[in-house]
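Chain residues, written in single-letter form:
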Amino acid sequence: MDSSTIIGKLQNRIPSIMGHENFRKSAVLVPLVEIDNETHLLFEVRSLNMRSQPGDICFPGGRIDRGDPDPKYCAIRETTEELGIHSENIKDVIPLDYVVNDLGRIIYPFVGRIANINEIIPNKSEVEEVFTVPLSYLLNTEPEQYKVNFHITPEDDFPFHLIVGGEDYNWQVRHINEIFYKYEEKVIWGLTAKILTHLIGLLDNE
């Protein structure tokens, strides 16, 4: 295969994330609600009966299904299912930056407004409760941050003889910053706090 053929095969392609087809993809919505003429963010507490992360605080959302035409559709669908509202009550849905992590996940966050919050009926199989936090509180609160270090442990049959340095190879150990927001008796952390910090950063830059 000559170089002209290679260029011809590649010149019109649109770059994506390498190996994206093997990633688990999810979408979430950061809901904005109005309470007493003040903007709040709405959060969910995951049902204590959930197999994954029971009791954790999150935004509405979930895995993108094959029938979802795009991540935005998924975020809206999951929000309607979890909060028991109609899609007509979800307005002005705008994408935030998506998250790609080394554990094989891509998360597509969106922000949008929810009208008629009195119509919310949480799906008890997924949602223990919902609560809101004033945006003004989040904009004026510095979250706590703590480091989590990753330790690399190759399997017993790892072929050290194939890499320069062998068993003395200098692995680059990484860490992540875990972010914690506290509001009354609630603690917001993990991916939810990361998305929240991203949104606050965008608002602070305006």
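Residues numbered from 1 in each chain as written. Predicted model: local features only at pLDDT ≥ 70, side-chain atom pairs only at ≥ 80, totals over all residues. Heavy atoms only, no water.

A. Summary view of a nonpolar patch on the surface. A cluster of nonpolar residues, Met1, Ile6 and Leu10, forms a patch on the protein surface that exposes about 330 Å² of accessible area. Along the chain, Leu10 turns up in helix α1 (residues 3-10). (Patch = residues over 30% accessible without salt bridge, like charges linked within 9 Å, V, L, I, M, F, W, Y side chains within 5 Å. Areas by Shrake-Rupley, 256 points an atom, 1.4 Å probe, with all protein chains shown as cover. Salt bridge = Lys/Arg side-chain N within 4 Å of Asp/Glu carboxyl O. Helix = DSSP H or I, 4+ residues; strand = E, 2+ residues; numbered from the N terminus.)

B. Representation of the nonpolar core within the structure. Counting residues in hydrophobic clusters, the biggest one holds 24 residues, and the most contacted among them are Val30, Leu41, Phe43, Tyr181, Ile188 and Leu196. Elements represented by at least two residues in this core include exactly β1 (24-35), β2 (38-46), β7 (105-114), β8 (127-134), α3 (135-139), β10 (175-183) and α4 (190-204). The leading source of residues in this core is α4, at five residues. Ranked by size, the runner-up nonpolar core spans 16 residues in total, among them Leu29, Ile76, Leu83 and Ile85. (Core = buried A, V, L, I, M, F, W, Y, C linked by side-chain atoms within 4.5 Å. Buried < 20%, exposed > 50% of the residue type's maximum accessible area, 1.4 Å probe, protein only.)

C. Main features of the pattern of salt bridges. Under the counting rule described, the total for this entry stands at seven salt bridges. The shortest N-O distance in the salt bridge between Arg77 and Glu78 comes to 3.3 Å. The partner of Arg77 in a salt bridge is Glu81, with the nearest N and O atoms 3.2 Å apart. One end of the pair is Arg77 and the other is Glu81, both in helix α2 (residues 71-83) and four residues apart, which spans about a single turn. Residue classification places Arg77 among the buried residues on the basis of a relative accessible area of 14%. What you see here is one network of salt bridges that share partners, running through Asp65, Asp68, Arg77, Glu78 and Glu81.

D. Structural context of the pairing of β1. Both β1 and β7 contribute to a ladder of nine bridges, which runs parallel. Residue pairing in the sheet places Val28 in a bridge with Pro109 of β7. Pairing of β1 with β2 involves four bridges; the strand directions are antiparallel. Residue pairing in the sheet places Glu34 in a bridge with Thr39 of β2. Connecting β1 to the antiparallel partner β2 that follows it, the hairpin turn spans two residues, and Asp36 within it adopts a positive phi of roughly 50°. (Pairing = 2+ DSSP bridges.)

E. Structural view of the side chain of Glu44. Its location among the elements puts Glu44 in strand β2. If sequence neighbours within four positions are ignored, Glu44 has contacts with Asp56, Ile57, Cys58, Phe59, Pro60, Glu82, Leu83, Val127, Glu129 and Val130. (Contact = heavy atoms within 4.5 Å.)

F. Molecular detail of the packing of aromatic side chains. This structure, assessed with the given rule, holds nine aromatic pairs. On the basis of an interplanar angle of 65° and a centroid distance of 5.8 Å, the ring pair of Phe158 and Trp171 is categorised as edge-to-face. One end of the pair, Phe158, is in the loop between β9 (144-149) and β10; the other, Trp171, is in the loop between β9 and β10, and 13 residues separate them in sequence. With a centroid separation of 5.0 Å and an interplanar angle of 70°, the aromatic rings of Tyr169 and Trp171 are classed as edge-to-face. A relative accessible area of 30% means that Trp171 is categorised as partly exposed. (Phe/Tyr/Trp six-rings, centres within 6.5 Å; stacked < 30°, edge-to-face > 60°.)

G. Representation of α4 in the model. Look at α4: 21 Å from first C-alpha to last across 15 residues, which is about the 21 Å you get at 1.5 Å a residue. Every buried residue of α4 is listed here: Gly190, Thr192, Ala193, Ile195, Leu196, Leu199 and Ile200. (Expected span 1.5 Å × (residues − 1).)

H. Summary view of the environment of Leu139. Here Leu139 shows up in helix α3. Classification of Leu139 by relative accessible area gives partly exposed; the value is 33%. Residues Leu139 and Leu199 lie 60 residues apart in sequence; the distance between their C-alpha atoms is 9.8 Å.

I. Inspection of the sheet that holds β9 at higher detail. Overall, antiparallel pairing links the three strands, which are arranged β9-β10-β11 in an open sheet. Both outer strands of the open sheet, β9 and β11 (186-189), are each paired with one neighbouring strand and no more. If you compare each strand with its neighbour and ignore which way they point, the axes differ by 30° on average. Of the pairings in the sheet, the one linking β10 to β11 comprises four bridges and is antiparallel in character. From the neighbouring strand, Phe180 faces β11, where its bridge partner is Trp189. (Axes fitted to C-alpha atoms, helices over the stretch in contact; angles between N-to-C directions.)

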